[in-house]
Amino acid sequence: MHTATRPLTPRTLRAVAASYRGATPSPSTGRVDLSDLFADPYEDPLDAEHRLALAERRLYEADDRRAVFLTVYGAVTARVRRDLRGDRFADPEWVGRYLTAFANRYRLALAAYERGERERVPRAWQLAFDAALAGETLVAQDALLGINAHVVHDLALALADAGIDPRPARRRDHDAVNAVLAELVDVEQDLLATRYAPGLADLDAAGGRLDEQAAFLTLAEGRDWAWHCAVALADGGPLARRTVRWLLDRVADGAGRLVLAPSRAAGVRERLAALERA
């Protein structure tokens, strides 16, 4: 069974047309106006892929470092969506719902942040967005802060949104996404080096395959954490669900602060930034 992809909706087509007018500052914040891309829920993986790509383009053209995470996330979304047409997944229709629910979690966080509703923005996303706008982080940190917030915090909630039953089949498809992510590590590093930090290519070459393996193992562990939290959300009562949501928020926040640590050490950030630019 294959997931059908619908043609672009009028709303998305209007967003595409608007993007070609350039990055428009928001009157209220002075930042890039993304309201037309994030106000309404994504309808399906194709809609998510297109609107994420448009947001990445606007942010990149405006030198808004929130584009860094979207460069990585956009590549993942596009690749998983294309794989829905093959035989990688046992239930591509469910993976499509899961992909859409996951993208909508990011959309909700960014939309609330843009509206100034910080109480509705998960702590890890507050860290990521604040750091990117401050412009004092490394490119690698901007990418990792977004990945941490989206995987460690959002993924369990997206799995719960999409539904995880029947669990053996859903778990196999969840794990099958890991294979896609492993294949994309080099692609993502190349994208970041090309668009933001040329020195990352030299650092990658010096590290051999060690950095790719470490990145994938860390991501796989985060995805395993997300699955177990989704099970607890599905099986637990109201108190258990509140506890899991609290844990997701606090663990992702703590991990994000660890990612930020090198930027706060005297001289360390400058040396690492020079390496990224080399």
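Scroll up to find the structure.
Residues numbered from 1 in each chain as written. Predicted model: local features only at pLDDT ≥ 70, side-chain atom pairs only at ≥ 80, totals over all residues. Heavy atoms only, no water.

> I tried to follow the nonpolar core on my own but got confused; where do I start?
Where a protein is soluble and globular, its nonpolar side chains tend to be buried together. Grouped together as the largest cluster of nonpolar side chains are 71 residues, with contacts concentrated most on F38, Y106 and W125. Take this core: its biggest share by element is 13 residues, from helix α5 (residues 92-114). Apart from the residues within four sequence positions on either side, F38 is in contact with R51, A55, Y106, R107, L110 and A111. (Core = buried A, V, L, I, M, F, W, Y, C linked by side-chain atoms within 4.5 Å. Buried < 20%, exposed > 50% of the residue type's maximum accessible area, 1.4 Å probe, protein only. Helix = DSSP H or I, 4+ residues; strand = E, 2+ residues; numbered from the N terminus. Contact = heavy atoms within 4.5 Å.)

> Mind showing me how you'd approach the environment of V151 here?
Note that V151 resides in helix α7 (residues 139-162). Sequence-wise, V151 and E221 are 70 residues apart; in three dimensions their C-alpha atoms are separated by 9.9 Å. Ignoring anything within four residues of it in the chain, the contact list for V151 reads L219, G222, R223 and A226.

> Explain unusual backbone geometry here, please?
Leave glycine aside and you will find that most residues have negative phi; peptide bonds, for their part, are mostly trans. The step from D165 to P166 runs through a cis peptide bond, and the omega angle for that step is 0°. If you trace the backbone, P166 turns up in the loop between α7 and α8 (167-195). A positive phi angle, near 55°, is found at D63, a position not held by glycine. On the secondary structure map, D63 appears in the loop between α3 (45-61) and α4 (67-83).

> Could you clarify how one ought to interpret the pattern of salt bridges in this entry?
If charged atoms from side chains of opposite charge come close, those side chains can pair. One pass over the full model with this rule turns up 24 salt bridges. Measuring nitrogen to oxygen at the nearest pair gives 2.6 Å for the salt bridge that ties R171 to D224. Of the two residues, R171 is situated in helix α8 and D224 in helix α10 (residues 210-235); the sequence distance between them amounts to 53 residues. The network of salt bridges with common partners includes R79, D83, R88 and E183. (Salt bridge = Lys/Arg side-chain N within 4 Å of Asp/Glu carboxyl O.)

> Is there a simple way to explain the environment of Y60 in this structure?
Secondary-structure assignment places Y60 in helix α3. Residues Y60 and R195, 135 residues apart in the sequence, show an inter-C-alpha distance of 8.8 Å. Sequence-distant contacts of Y60, defined by excluding residues within four places in its chain, comprise A67, R195 and Y196.

> I keep staring at α4 and nothing clicks. Help me out?
Since one α-helical turn is 3.6 residues long, residues separated by three or four positions face the same way. Between its first and last C-alpha, α4 extends 24 Å over 17 residues, near the 24 Å set by a 1.5 Å rise per residue. Counting buried positions over the 17 residues of α4 gives 15, a clear majority of the element. (Expected span 1.5 Å × (residues − 1).)

> Would you explain a nonpolar patch on the surface in this entry?
Together, W246, L247 and V251 give the surface a local cluster of nonpolar side chains, amounting to about 260 Å² of exposed area. The topology assignment puts V251 in helix α11 (residues 238-264). We classify V251 as partly exposed; its relative accessible area is 34%. (Patch = residues over 30% accessible without salt bridge, like charges linked within 9 Å, V, L, I, M, F, W, Y side chains within 5 Å. Areas by Shrake-Rupley, 256 points an atom, 1.4 Å probe, with all protein chains shown as cover.)

> In this structure, what is going on with the packing of aromatic side chains? I would like to understand it.
Within a pair of aromatic rings, the relevant descriptors are the distance that separates the centres and the angle that separates the planes. Throughout the structure, instances matching the rule amount to twelve aromatic pairs. Look at W94 and Y98: their rings are 5.0 Å apart centre to centre, the planes differ by 40°, and that puts the pair in the tilted class. Of this pair, W94 and Y98 both sit in helix α5, four residues apart, roughly one helical turn. Where Y106 meets F129, the ring centres are 6.4 Å apart and the plane angle is 65°; that geometry is what we call edge-to-face. You can see Y106 sitting in helix α5 and its partner F129 sitting in helix α6 (residues 123-134), a full 23 residues away along the chain. You'll find Y106 and F129 in the same group, each marked buried. A connected cluster of aromatic rings, assembled from ring pairs, spans F38, F69, Y73, F102, Y106, Y113, W125 and F129. (Phe/Tyr/Trp six-rings, centres within 6.5 Å; stacked < 30°, edge-to-face > 60°.)

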